[in-house]
Amino acid sequence: MTDAPSPAAKRVYETPPTSRPITEAEAAREAKLAANEHIKIASGYLRGTLADGLLAHATGAISEDDGQLVKFHGMYLQDDRDLRPERTKKKLEKAYGFMIRLRISGGVVTPQQWLVLDDIARTYGGDAMRATTRQTFQFHGIIKSNLKRTMAAIDAALLDTIAACGDVNRNVMASTNPAQAKAHAAAYQLAKDISNSLLPRTRAWREIWLDGERVVGGEDEVQEVEPIYGKTYLPRKFKTVIAVPPSNEVDVFAHDLGFIAILDKKNAVTGWNITVGGGMGMTHGEPDTFPRTADVMGFCKAQDALRYAEAVMTVQRDWGNRKNRKNARLKYTIERYGLDAFRAEVEARAGKPLEAAKPFTFTSNGDRFGWTEGDDGRHHLTLYVPSGRIKDIENGAQFLSGLRRIAEVHKGDFRLTANQNVIIANVPEAQRAAIEALVDEYGLTKGAGALRRNSIACVAMPTCGLALAESERFLPSLMDDLEASLAKHGLQDEEITIRSTGCPNGCARPFIAEIGLVGRGPERYHLYLGAAFDGSRLSKLYREDASPSEVVSTLDPLFAEYATAKQAGEHFGDYLIRAGHVAKTTNGPDFHERIGALK
Ligand code: SRM
Ligand code: SF4
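Since the structure is predicted, the reported quantities are computational estimates derived from the model, not experimental observations.

*Asks:* Just to check I follow, could you spell out the overall build of the protein chain for this structure?
*Replies:* Scanning the protein chain from N- to C-terminus turns up 19 helices and 20 strands. Relative to its length of 599 residues, the protein chain is compact, with a C-alpha radius of gyration of 23 Å against a globular reference of 25 Å. Along the first, second and third principal axes, the C-alpha set of the protein chain runs to 70 × 55 × 55 Å. Evaluated residue by residue, the protein chain yields a buried proportion of 59% over its 599 residues. A fraction of 69% describes how many contacts in the protein chain between residues 6 or more apart in sequence connect residues 24 or more apart. Seen as two clouds, the 77 positive and the 77 negative side-chain charges of the protein chain have centres 2 Å apart.

Next comes the structure, spelled out in structure tokens:
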């Protein structure tokens, strides 16, 4: 069984609150609620002044409050940060554009949907789309006047962006590679069921973006409009994933709620272990914020998964901190009240006790590249897409054009992985050669060096407003240097996970990679080491504020030592702990404890 973390002993927990949801009147009376709570309450179920704001042609932006609300519709107002200095000098408004994120449960799209998304990328999205670390697509730089057209195209493809961002249950991920056919079908079905049952019910999305019929008199009755969420939705984002061992490609321990498939000998799902309280985001210099790996809370029968999903989310809805958004995720709720109190409330709401968790084993949190054959005889091809950016690279791989050509002939489906890669799935035997020929023609990569294919970088500059340092644009050159260093020590084929982010929000889940780089400022990164290869253990801070060349010079001697002293099958993160270079972190709060001086 995976060495799954458990809460630290001897913690003092607060008394859990009553299980009653807060009423709107109570919420409004509460002076110290976070500003976003007031915005939600006043929004008329996520409408705000968005419809009018879209008509304000003098600016490419929308109002600040609408900027918070539009997230629930799957969008962010951003600006091109590369252009800021020049535009400020010329006294021009920032170069505003919207990021649009789709809701694609389990990351599965048909070839027909792919073609529509490709059209959107070419027409409105700067000839690119971005596969994210949560199995969906983002478009960047959509100007305000094109938003409705883009949303109409998305709707026409029978897709939507509802709840892709915001304080709601987000896009539900599921293990992607359909190699264990029955188990993956069950995981995918559960992802769709949870996504649909926890979806906001407000008609605001259709009304604003697709000119759907307006509701006469507004949607006023809390219970009728949003039976699960009410007017205040959740205290913070809420993320759910479904994992099928032995692959932990969805990083189940990094999410608020997770289901781990328990399989019988024929790979059919007998039930699910439920995990709660994982999350990555933290703030530099604020030790009360920390990444946390989820606890395994218990086991439920396959048919009960949905009721537990709803129970977990509603306990967080009612117990989560609505005064301080930095302390609002489920991981902090569980730290505050303890896993036992949380489990008891979930069981009470679900109307059933959980069974003891069942054994499971994860082997890695990466993807399986190249062709795999499923236990049902179907063929799947996983392509490595650097940082998930699907575009035509000058003098390089033509991801946009190549995948379009494949979509034109492909008879199966496409699947996005949580590691930003793409699977051309369910390819009939007779079509393998044709797909293979297109992959070669467009220079698409079935793999890469061992380090590179285990890498992820978040978007960061120039679109992310929170980036402190480069990430996607910086990782390839760092990778060149690290690959040279590994090759020098004969480690070029060693599978080591490396992830980089432009800030400590952790969008590429860097704190559960064996090598994690977290931006601090221009060309400065904290270096974290010692996480588990299967994604079950956090890393520790090893070096502060390193420049890219210092990252390489810090890692080089560790690679040299690992090459000579590692035991058979021992992963880099495990070796660093055994050799005493970093301390073992089991869960969130001890993440910042420092044992010995930093290097
Ligand atoms: Fe993220 C905010 C991009 C996965 C934790 N994330 C953002 C924003 C929207 C920046 C902002 O708030 O202004 C970024 C937009 C950048 C851009 O230009 O596109 C952004 N996050 C991403 C994506 C696109 C990264 C990528 O390179 O793929 C991922 C989109 C996922 C999706 O499809 O839904 C993405 N973000 C994650 C993950 C990974 C995961 O969930 O598996 C995490 C860590 C897990 C977690 O939630 O704890 C993550 N993003 C955050 C946080 C910190 C949350 C926290 O609890 O502290 C923020 C900031 C916030 O919410 O205040 C954030
Ligand atoms: Fe932006 Fe930070 Fe997320 Fe990277 S980790 S995309 S810099 S919020």
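*Asks:* What am I meant to see in the site of ligand 1 here?
*Replies:* Around ligand 1, a shell composed of 30 residues is seen, among which Thr132, Met280, Thr463, Cys507 and Arg509 lie nearest. Within the side chain of Gln420, an N or O atom sits 3.3 Å from an oxygen atom of ligand 1. Within the side chain of Arg509, a nitrogen or oxygen atom sits 2.6 Å from an oxygen atom of ligand 1. Counting residues per element, the ones that place at least two in the shell around ligand 1 are strand 1 (75-79), strand 2 (96-101) and strand 5 (137-142). Taken together, the residues that form the shell around ligand 1 break down as nine nonpolar, 13 polar and eight charged.

*Asks:* Which parts of the structure should I look at to understand the sheet that holds strand 20 (residues 540-546)?
*Replies:* In sheet architecture, strand pairing relies on hydrogen bonds along the backbone and comes in two forms, parallel and antiparallel. If you walk across this open sheet you meet the five strands as 16-17-18-19-20, and the pairing is mixed. The open sheet is flanked by strand 16 (455-457) and strand 20, the only strands paired with a single partner. Direction aside, the axes of adjacent strands within the sheet are offset by 15° on average. Where strand 16 and strand 17 (residues 498-501) come together, three bridges link them in parallel fashion. Residue pairing for strand 17: Ile456 is matched across the bridge by Arg499.

*Asks:* Got a minute to help me understand the packing of helix 14 (residues 399-409) against helix 15 (residues 432-441) in this structure?
*Replies:* Angle between the axes and distance between the axes: these two values describe a pair of packed helices. Orientation of helix 14 relative to helix 15, taken along the N-to-C sense of each, is 165°, at an axis distance of 9 Å. Here helix 14 is positioned roughly antiparallel relative to helix 15, judged by the angle of their axes. Relative to helix 15, the crossing made by helix 14 is right-handed. Where helix 14 approaches helix 15, its residues Arg405, Ile406 and Val409 are matched on the opposing element by Ile435, Leu438, Val439 and Glu441. Counted by class, the contact of helix 14 with helix 15 contains five nonpolar, no polar and two charged residues.

*Asks:* Would you explain helix 8 (residues 181-197) in this entry?
*Replies:* Since one α-helical turn is 3.6 residues long, residues separated by three or four positions face the same way. For helix 8, built from 17 residues, the straight-helix expectation of 24 Å at 1.5 Å per residue is met to within 8% by its first-to-last C-alpha distance of 24 Å. For helix 8, the set of buried residues is Ala183, His184, Ala187, Leu190, Ala191, Ile194, Ser195 and Ser197. Where helix 8 is buried, its residues touch strand 6 (173-174), strand 7 (240-243), strand 8 (257-263), strand 9 (269-276) and helix 11 (305-319).

*Asks:* Please clarify how the coordination of the iron atom of ligand 1 should be interpreted in this entry.
*Replies:* Geometry sets the ideal angles at a metal, namely 109.5 degrees for four tetrahedral donors and 90 or 180 degrees for six octahedral donors. Looking at the iron atom of ligand 1, one finds just one donor atom contributed by the protein, Cys507 (SG), at 2.3 Å. Structurally, Cys507 is set in the loop between strand 17 and strand 18 (515-521).

*Asks:* Mind showing me how you'd approach the environment of Lys32 here?
*Replies:* Mapped onto the secondary structure, Lys32 falls in the loop between helix 1 (24-29) and helix 2 (35-42). Placed 68 residues apart in sequence, Lys32 and Ile100 show a C-alpha to C-alpha distance of 32 Å.

*Asks:* For this particular structure, what's the right way to read the sheet that holds strand 14 (residues 413-416)?
*Replies:* Taken together, the five strands give an open sheet; going across it, the order is 3-14-15-12-11, and neighbouring strands pair in antiparallel fashion. The sheet is open, and its two edges are formed by strand 3 (108-109) and strand 11 (370-373), each paired on a single side. Both strand 12 (residues 379-383) and strand 15 (residues 422-427) contribute to a ladder of four bridges, which runs antiparallel. The residue bridging Thr382 from the neighbouring strand is Ile423, located in strand 15.

*Asks:* Even after reading the chapter, I still don't get the nonpolar core, so can you show me in this structure?
*Replies:* In a soluble, globular protein the nonpolar side chains are often hidden away together inside. Residues Trp114 and Ile390 are the most contacted members of the largest nonpolar core, which totals 101 residues. Looking at this core, the element that brings in the most residues is helix 11, giving eight residues. Residues within four places of Trp114 in sequence aside, it is in contact with Val109, Met129, Phe137, Ile390, Leu403, Arg404, Ala407, Phe414, Leu416 and Val422. Ranked by size, the runner-up nonpolar core spans 29 residues in total, among them Phe474, Leu491, Ile515 and Leu576.

*Asks:* Hey, could you run me through the site of ligand 2 in this one?
*Replies:* Around ligand 2 sit Cys458, Ala460, Cys464, Leu466, Ala467, Thr501, Gly502, Cys503, Asn505, Gly506 and Cys507, and that is every residue in its neighbourhood. Here the shell around ligand 2 is composed, by residue class, of seven nonpolar, four polar and no charged.

*Asks:* Would you explain unusual backbone geometry in this entry?
*Replies:* Of all residues except glycine, most have a negative phi; of all peptide bonds, most are trans. Residues Pro245 and Pro246 are joined by a peptide bond in cis, for which omega reads 10°. Tracing the chain through its elements places Pro246 in the loop between strand 7 and strand 8. Following Met461, the chain continues to Pro462 via a peptide bond in cis, the omega torsion being 5°. Checked against the element boundaries, Pro462 lands in the loop between strand 16 and helix 17 (475-488). Positive phi values are uncommon outside glycine, yet Asp127 reaches one of about 60°. The residue Asp127 is located in the loop between helix 6 (111-123) and strand 4 (129-131) in this model. Located in the positive-phi region is Gln420, a residue other than glycine, with phi close to 70°.

Definitions and limits used
- Residues numbered from 1 in each chain as written.
- Chains lettered and ligands numbered in written order.
- Predicted model: local features only at pLDDT ≥ 70, side-chain atom pairs only at ≥ 80, totals over all residues.
- Heavy atoms only, no water.
- Helix = DSSP H or I, 4+ residues; strand = E, 2+ residues; numbered from the N terminus.
- Rg over C-alpha atoms; globule rule 2.2 N^0.38 Å.
- Buried < 20%, exposed > 50% of the residue type's maximum accessible area, 1.4 Å probe, protein only.
- Contact = heavy atoms within 4.5 Å.
- Lys, Arg positive; Asp, Glu negative; His and termini not counted.
- Charge placed at Lys NZ, Arg CZ, Asp CG, Glu CD.
- Near = heavy atom within 4 Å.
- Polar contact = N/O pair within 3.5 Å; in protein donor to acceptor, adjacent residues only side chain to side chain.
- Nonpolar A, V, L, I, M, F, W, Y, C, P; charged D, E, K, R; others polar.
- Pairing = 2+ DSSP bridges.
- Axes fitted to C-alpha atoms, helices over the stretch in contact; angles between N-to-C directions.
- Parallel < 35°, antiparallel > 145°, perpendicular 65-115°, else oblique.
- Left-handed = near helix turned anticlockwise from the far one by under 90°.
- Expected span 1.5 Å × (residues − 1).
- Donors = N, O, S within 2.8 Å, 3.2 Å for Na, K, Ca; no water.
- Core = buried A, V, L, I, M, F, W, Y, C linked by side-chain atoms within 4.5 Å.

Spatial relationships are all this shows, so hold off on functional conclusions.
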